[in-house]
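# Inside the fold
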Protein chains: 2
Amino acid sequence: MSLNGIFPIDRWNFTTHSVLSVLSEEETARLTRHLTEQHLFKGDVIFREGTVPSGIFLVRSGRVKKYKVDQLGKEQIIYVAGPGELMGYHPVLSGERYADSATAMEDTMVSFIPKEDFMDVLSRSSVFALRMLKAMSHEFTVLTNSISVIAQRTGPERLAIALIVLREKFKYGLSDNEAIPINISRTDLANMAGLAAENVIRLLGEFKAEGILLTEGRKIIIRDVHLLVKRANYR
Amino acid sequence: MSLNGIFPIDRWNFTTHSVLSVLSEEETARLTRHLTEQHLFKGDVIFREGTVPSGIFLVRSGRVKKYKVDQLGKEQIIYVAGPGELMGYHPVLSGERYADSATAMEDTMVSFIPKEDFMDVLSRSSVFALRMLKAMSHEFTVLTNSISVIAQRTGPERLAIALIVLREKFKYGLSDNEAIPINISRTDLANMAGLAAENVIRLLGEFKAEGILLTEGRKIIIRDVHLLVKRANYR
DNA sequence: CCCAAAAACTGATGTATATCAGTTTTGATA
DNA sequence: TATCAAAACTGATATACATCAGTTTTTGGG
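Reading guide: rules and limits
- Residues numbered from 1 in each chain as written.
- Chains lettered and ligands numbered in written order.
- Predicted model: local features only at pLDDT ≥ 70, side-chain atom pairs only at ≥ 80, totals over all residues.
- Heavy atoms only, no water.
- Helix = DSSP H or I, 4+ residues; strand = E, 2+ residues; numbered from the N terminus.
- Rg over C-alpha atoms; globule rule 2.2 N^0.38 Å.
- Contact = heavy atoms within 4.5 Å.
- Lys, Arg positive; Asp, Glu negative; His and termini not counted.
- Charge placed at Lys NZ, Arg CZ, Asp CG, Glu CD.
- Buried area = accessible area lost by both parts, 1.4 Å probe.
- Salt bridge = Lys/Arg side-chain N within 4 Å of Asp/Glu carboxyl O.
- Polar contact = N/O pair within 3.5 Å; in protein donor to acceptor, adjacent residues only side chain to side chain.
- Nonpolar A, V, L, I, M, F, W, Y, C, P; charged D, E, K, R; others polar.
- Buried < 20%, exposed > 50% of the residue type's maximum accessible area, 1.4 Å probe, protein only.
- Near = heavy atom within 4 Å.
- UniProt positions renumbered as here; feature names shortened; annotations may be inferred.
- Axes fitted to C-alpha atoms, helices over the stretch in contact; angles between N-to-C directions.
- Parallel < 35°, antiparallel > 145°, perpendicular 65-115°, else oblique.
- Left-handed = near helix turned anticlockwise from the far one by under 90°.
- Pairing = 2+ DSSP bridges.
- Domains from an automatic or database assignment.

Looking at an unreviewed UniProt entry, one finds chain A named Crp/Fnr family transcriptional regulator, with Mucilaginibacter psychrotolerans as its source organism.

The structure is reproduced here in structure tokens:
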């Protein structure tokens with residue numbers, strides 16, 4: 001069963017995970033010349049919509065939400081980034097301001113690379129530029145899928161899809177047969193699925209009754225991925 | 001009043017409009033070596049979701065809708081491309097299949113460039129690659145905005161925003177003080193705003209009564225852009 | 001210029017999901 | 001380990017928008 005192309009799930013070989021692997025030692029040295037590490041606590045803002053970028057971020061550990069805030073202060077989560085993913089390079093490349101904000105969903109480590117070093121290596125290595133184009137094109141597929149999910153799926157389907165995506169994001173570092181605890185607030189889940197938090201809670205109750213998942217306090221553990229995919233109405 | 005960043009409107013200097021201008025004469029020759037022209041009639045499909053791309057398209061004249069179809073056959077229009085815009089290069093760059101379909105909304109001329117020539121010039125010219133990265137990054141801003149529009153705005157707001165975007169797309173080739181007739185079916189408009197066609201019709205009636213627009217048969221002409229922007233709830 | 005088919009339009013009704021107003025549970029902190 | 005504020009949860013009600021079942025208008029081919 002291939003979920004790729006249907007659900008906005010990333011595969012290693014397409015994403016920003018592996019973009020840095022095409023660099024030579026010299027190029028890597030150039031890129032990481034002024035690299036700094038940052039430890040972020042849950043809720044810390046990494047960048048904010050409308051501000052000017054000064055560099056790019058590489059997630060080392062933890063999970064980061066990317067979102068836009070509407071007039072009433074409600075967040076729409078656009079993407080969840082995990083370990084190995086590059087963040088915040090779009091506005092550096094286009095010379096625009098951040099189109100969205102990024103906040104740590106849990107304790108998180110990120111590396112910061114000044115935009116000058118990023119652009120320097122990018123203009124020296126056409127292999128790196130092509131690799132970035134590939135990664136961005138794949139991200140496009142993911143975003144395009146997100147649009148059709150938000151516009152065309154029902155509430156329960158969107159929640160099921162959000163849980164499938166989150167399960168992948170929280171898989172990192174766990175052995176294959178280990179349970180994957182999805183550690184997310186009901187509000188964040190609601191802002192990801194485009195639902196009211198109250199309805200997310202009601203639907204999680206239904207999913208639990210159907211044997212799809214179980215909850216341990218705020219943590220969600222998927223018991224039956226097949227049933228969940230069915231709930232997402234995937235054919 | 002700057003709509004950019006709020007509404008998914010393209011500006012010439014960011015989009016694929018001008019990407020080809022960075023090429024040298026020799027590079028342009030390489031790119032257009034096997035270029036072919038195609039005349040398309042209203043309703044003709046240019047590429048279809050799930051198929052393998054063999055090249056990229058440059059819109060010469062007309063308007064093209066990019067959309068995804070759900071299980072019930074309903075279209076969600078993701079983007080409308082006009083003259084000067086490059087199309088269908090994402091799956092060429094990522095090595096994936098088309099994530100969406102493209103259909104001519106009116107009589108349209110497109111140029112086709114085989115993927116081999118596109119990739120050849122891309123790997124030879126790092127300036128071109130950087131220019132493509134810039135254009136794609138901007139497209140990202142546009143798509144990100146689309147997501148928040150679809151998820152966070154009300155029906156009337158989404159319709160107003162769709163009309164603002166369409167007005168820009170249909171501006172091409174007209175003098176500044178000329179009226180811009182938006183030639184689009186109510187169904188396409190509904191699929192763009194994520195509404196039922198019946199409600200689009202009702203809302204267009206309201207907008208007409210408010211003096212925002214007038215209709216000539218199927219054509220829509222915006223009378224007061226300021227009122228329309230207000231209806232879109234832009235501060 | 002006519003004609004049939006498609007698109008535009010209208011009003012009545014249905015429903016998914018938000019909102020509101022609470023109570024209960026959880027987990028961080030002291 | 002006791003505390004309490006925040007988060008999770010529950011039920012009642014409201015509403016935006018879709019759906020359905022028509023009628024009228026438009027449009028493009030013959």
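The next point concerns the overall build of chain A. Across its full length, chain A carries eight helices and 11 strands. Taking 235 residues into account, the globule formula puts the C-alpha radius of gyration at 18 Å, and chain A, at 18 Å, falls close to it. Taken along its principal axes, the extent of the C-alpha atoms in chain A is 55 × 40 × 30 Å. When contacts within chain A are restricted to residue pairs at least 6 apart in sequence, long-range pairs at least 24 apart make up 74% of them. The distance from the centre of the 30 positive side-chain charges to the centre of the 28 negative ones in chain A is 4 Å.

On to the interface of chain B and chain A, then. Counting from both sides, the interface comprises 44 residues of chain B and, opposite them, 44 residues of chain A. For the chain B and chain A pair, buried surface summed over both sides reaches about 4000 Å², with 69% attributable to carbon and sulfur atoms. When the area that chain B buries against chain A is broken down by residue, the three leading residues are B:F140, B:I147 and B:Q152, summing to 17%. If you look at where chain B meets chain A, you find zero salt bridges. At the junction of chain B and chain A, the tally comes to 12 residue pairs in polar contact (both at pLDDT 80 or more). Elements that contribute at least two residues to the side of chain B that touches chain A include exactly β4 (64–69), β5 (75–81), α2 (90–94), α3 (115–124) and α4 (126–152) of chain B. The greatest single-element share of the side of chain B that touches chain A, amounting to 21 residues, is contributed by α4(B). Class assignment of the residues belonging to the side of chain B that touches chain A gives a composition of 17 nonpolar, 17 polar and 10 charged.

Moving on, we get to the pattern of salt bridges. Side chains that carry opposite charge are capable of pairing whenever their charged atoms lie near each other. Residue and element names in this part refer to chain A. Taken as a whole, this structure holds 32 salt bridges over all chains when the rule is applied. One salt bridge connects D117 with R33, and the closest N-O pair in it is separated by 3.5 Å. With a gap of 84 residues between them, D117 in helix α3 (residues 115–124) and R33 in the loop between α1 (25–31) and β1 (36–40) connect regions that are remote in the sequence. Among the residues examined, D117 registers a relative accessible area of 4% and is labelled buried. Taking the shortest distance from any N to any O, the salt bridge between R63 and E106 comes out at 3.3 Å. You can see R63 sitting in the loop between β3 (55–61) and β4 (64–69) and its partner E106 sitting in the loop between β7 (101–104) and β8 (108–114), a full 43 residues away along the chain. The pair formed by R63 and E106 is uniform in burial state, with each residue classed as buried.

It is worth spelling out the protein's contact with DNA strand C at this point. Around DNA strand C, 18 residues are found, and the nearest of them are A:G155, A:E198, A:N199, B:R186 and B:R202. Counting only atoms of DNA strand C within 4 Å of the protein, the fraction found in sugar and phosphate groups is 59%. Between A:G194 and DNA strand C, the recorded distance is 3.4 Å, taken from a backbone N or O atom to a phosphate oxygen. Side-chain polar atom of A:N199 to a phosphate oxygen of DNA strand C: 2.5 Å apart, as the coordinates give it. Considered class by class, the residues forming the surface near DNA strand C number four nonpolar, seven polar and seven charged.

With that out of the way, let us pick up the UniProt feature "domain: HTH crp-type" (unreviewed entry) in chain A. UniProt marks residues 153–226 of chain A with the feature "domain: HTH crp-type" (unreviewed entry), using the numbering shown here. Helix makes up 51% of residues 153–226 of chain A and strand 15%, whereas the separation of the span's terminal C-alpha atoms amounts to 18 Å.

Relative to each other, helix α4 (residues 126–152) of chain A and α4(B) sit at 15°, their axes nearing to 10 Å. By the criterion of interaxial angle, the relationship of α4(A) to α4(B) is roughly parallel. As for the relative orientation of α4(A) and α4(B), their crossing is left-handed in sense. Along the lines of polarity and charge, the residues of the contact of α4(A) with α4(B) split into 18 nonpolar, six polar and two charged.

Moving on, we get to the sheet that holds strand β9 (residues 181–183) of chain A. Residue and element names in this part refer to chain A. If you walk across this open sheet you meet the three strands as β9-β11-β10, and the pairing is antiparallel. One side of each edge strand has no neighbouring strand; the edge strands of this open sheet are β9 and β10 (213–216). The mean angle between the axes of side-by-side strands here comes to 30°, regardless of whether they run parallel or antiparallel. Sheet topology note: the β10/strand β11 (residues 219–222) ladder contains four bridges and is antiparallel. Bridge pairing in β11 places E216 opposite K219. Its contacts with the sheet place helix α7 (residues 197–209) against β10 and β11, and it is angled at close to 120° to β10.

Let us look at the domain arrangement of chain A. Residue and element names in this part refer to chain A. According to the domain assignment, chain A contains domain 1 (24–124) and domain 2 (148–232). Relative placement of domain 1 and domain 2: their C-alpha centres are 26 Å apart. Interface area lost by domain 1 to domain 2 is led by R63, I77 and V80, which between them contribute 40%. Linking domain 1 to domain 2 there are two salt bridges. Taking the shortest distance from any N to any O, the salt bridge between E85 and K169 comes out at 2.8 Å. Linking domain 1 to domain 2 there are seven residue pairs in polar contact (both at pLDDT 80 or more). Its residues placed into classes, the side of domain 1 that touches domain 2 shows five nonpolar, one polar and six charged.

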